[in-house]
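Tertiary structure, described
The lines below spell out each chain.
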Amino acid sequence: MEKMIGDCLSHLGYQRKDESDKERTHFLSWMDASPSGQQKRLQASKADDIKKQAQQALVAYGRDNADLEMQLIPEVLAWIARIDRVLSKENGNILLVGRAGVNSQEALRLAAFQLKMEVFVLNMTRDYTVKNFSLEIKSAIMKAGVEGEHCVLFLEDHNFSNPTFLEMVNSLLSAGEVPGLYTQEELDALLGPLKEEALSEGFVEGVYSYFVDRVKRFLHVCLVMDFTNAQYELHCRSNPALFTRCSMGWLGTWGSDSMKLVPRIMLRDVFRALDARDDKKDFSLTNELVHMHKNMGDRFSPAHFKTLCKTYEKIFNDKSSSSGENLKRLQVGLAKLAEAEENVDTIQKDVTTKKAEMEIKQREADEALVGIQEKMADSAEQKKNIEKIKKDLNA
């Protein structure tokens, strides 16, 4: 019985105690190989298989859009699966609650990309007004209600600078419409092309009801909120549709085990350089980074932790570059000293050889001088003898 309950809970996303992250099963629609246009069925897949597919999806996403800076740790893979299950069904709206930096936005974008859904985001400016907000959500509503295509309206905490924005979203979630959003002329232009489609589908409640029904079915409102935001509780109490019309995903924050995986992903080059060093110190960089983050308390989010990792990487690269330049200069200096030492040795050898040759020449010169002196002495003696002979002859 316990095993059966555990299996059932694992299908819902819970992890058994005896189940590793790699063995954990998730259900995703984009793992289904059904042809495009057909309803995708949820397929059971292991975490490793999902990770491989997600890595390929990130590459494909980066070719068409900006790169997603996403750490595919086990928790993030589970969130991707949950978001996919919500977006792959009609009337699928989701509220993701978690700290900044837990990859909620990235997981949502990747899941929507795999489901081939366009994601609408707000282009907030300093003087952003209700009129600007209305124009932007109209684009998403038209995509769903008029074109009949699944799309995502993505909203975050900072988008609700005006309480009216969230009230309009609450109305959109609960009723599929925002009162006063369209004038009668705009509605007539929107609903005209839908009359034949409504009749062909046997919809008899009126073309406007058909339009609202399509908005509910095809427009997926996805909200990302931080529970540490001062306005979080007020927003939730004032807008009940966030809970009654949305599937809620409590992302919270990263656990210690997952956080230890992040530096290995973000700092691959740093770890590769450290592992290759001969003077490796007996400490764990991962543990040190996590310990530093934990010591800062709950006010620091995973976004801060990722910033810490990036900062460490920058400092490491700067110091490595500086040390490399200093080492290069030192090596050049040592090479010059070695060259000078070699030259000195060569000169010293030459001097020794020249000295030996000079000693030989000096001995030869001394011997020649002695010979000359002896000859001069002989000459002087001979001269004296000649003078004596001359005196004897004259006498």
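Residues numbered from 1 in each chain as written. Predicted model: local features only at pLDDT ≥ 70, side-chain atom pairs only at ≥ 80, totals over all residues. Heavy atoms only, no water.

Here we take up the pattern of salt bridges. Within this structure, the stated rule accounts for 12 salt bridges. A salt bridge links Arg-217 to Glu-90, with the shortest nitrogen-to-oxygen separation between them at 3.3 Å. Linking Arg-217 in helix α9 (residues 207-218) with Glu-90 in the loop between α3 (74-87) and β3 (94-98), this pair joins segments that are 127 residues apart in sequence. Overall, Arg-217 belongs to the buried group, its relative accessible area being 19%. One salt bridge in this structure joins Glu-118 and Lys-143, with 3.4 Å as the shortest N-O distance. Of this pair, Glu-118 sits in strand β4 (residues 118-120) while Lys-143 sits in helix α5 (residues 130-145), and the two are 25 residues apart along the sequence. Assessed through its relative accessible area of 16%, Lys-143 is described here as buried. Beyond isolated ion pairs, a larger network of salt bridges with shared partners links Glu-118, Lys-143, Glu-147 and Glu-149. (Salt bridge = Lys/Arg side-chain N within 4 Å of Asp/Glu carboxyl O. Helix = DSSP H or I, 4+ residues; strand = E, 2+ residues; numbered from the N terminus. Buried < 20%, exposed > 50% of the residue type's maximum accessible area, 1.4 Å probe, protein only.)

So, on to the sheet that holds β3. Taken together, the five strands give an open sheet; going across it, the order is β4-β5-β6-β3-β7, and neighbouring strands pair in parallel fashion. The two strands at the open ends of the sheet, each matched to only one other strand, are β4 and β7 (247-252). Adjacent strand axes in the sheet meet at a mean angle of 20°, parallel and antiparallel pairs treated alike. Relative to β7, β3 is paired through five bridges, and the arrangement is parallel. For Val-97, the partnering residue across the bridge sits in β7 and is Trp-250. Each of β3, β4, β5 (151-156), β6 (219-225) and β7 touches helix α4 (residues 104-114); the most contacted strand, β5, lies at about 175° to it. (Pairing = 2+ DSSP bridges. Axes fitted to C-alpha atoms, helices over the stretch in contact; angles between N-to-C directions. Contact = heavy atoms within 4.5 Å.)

We now examine the packing of aromatic side chains. Aromatic ring pairs are described here by two measures, namely the spacing of the ring centres and the angle between the planes. Enumeration over the complete set of coordinates arrives at eight aromatic pairs. Centroid distance Tyr-128 to Phe-165: 5.7 Å. Interplanar angle 85°. Geometry classified as edge-to-face. With Tyr-128 in the loop between β4 and α5 and Phe-165 in helix α6 (residues 163-175), the pair connects residues that are 37 residues apart, well separated along the chain. Just as Tyr-128 is buried, Phe-165 falls in that class too. On the basis of an interplanar angle of 35° and a centroid distance of 6.2 Å, the ring pair of Tyr-208 and Phe-211 is categorised as tilted. Of this pair, Tyr-208 and Phe-211 both sit in helix α9, three residues apart, roughly one helical turn. (Phe/Tyr/Trp six-rings, centres within 6.5 Å; stacked < 30°, edge-to-face > 60°.)

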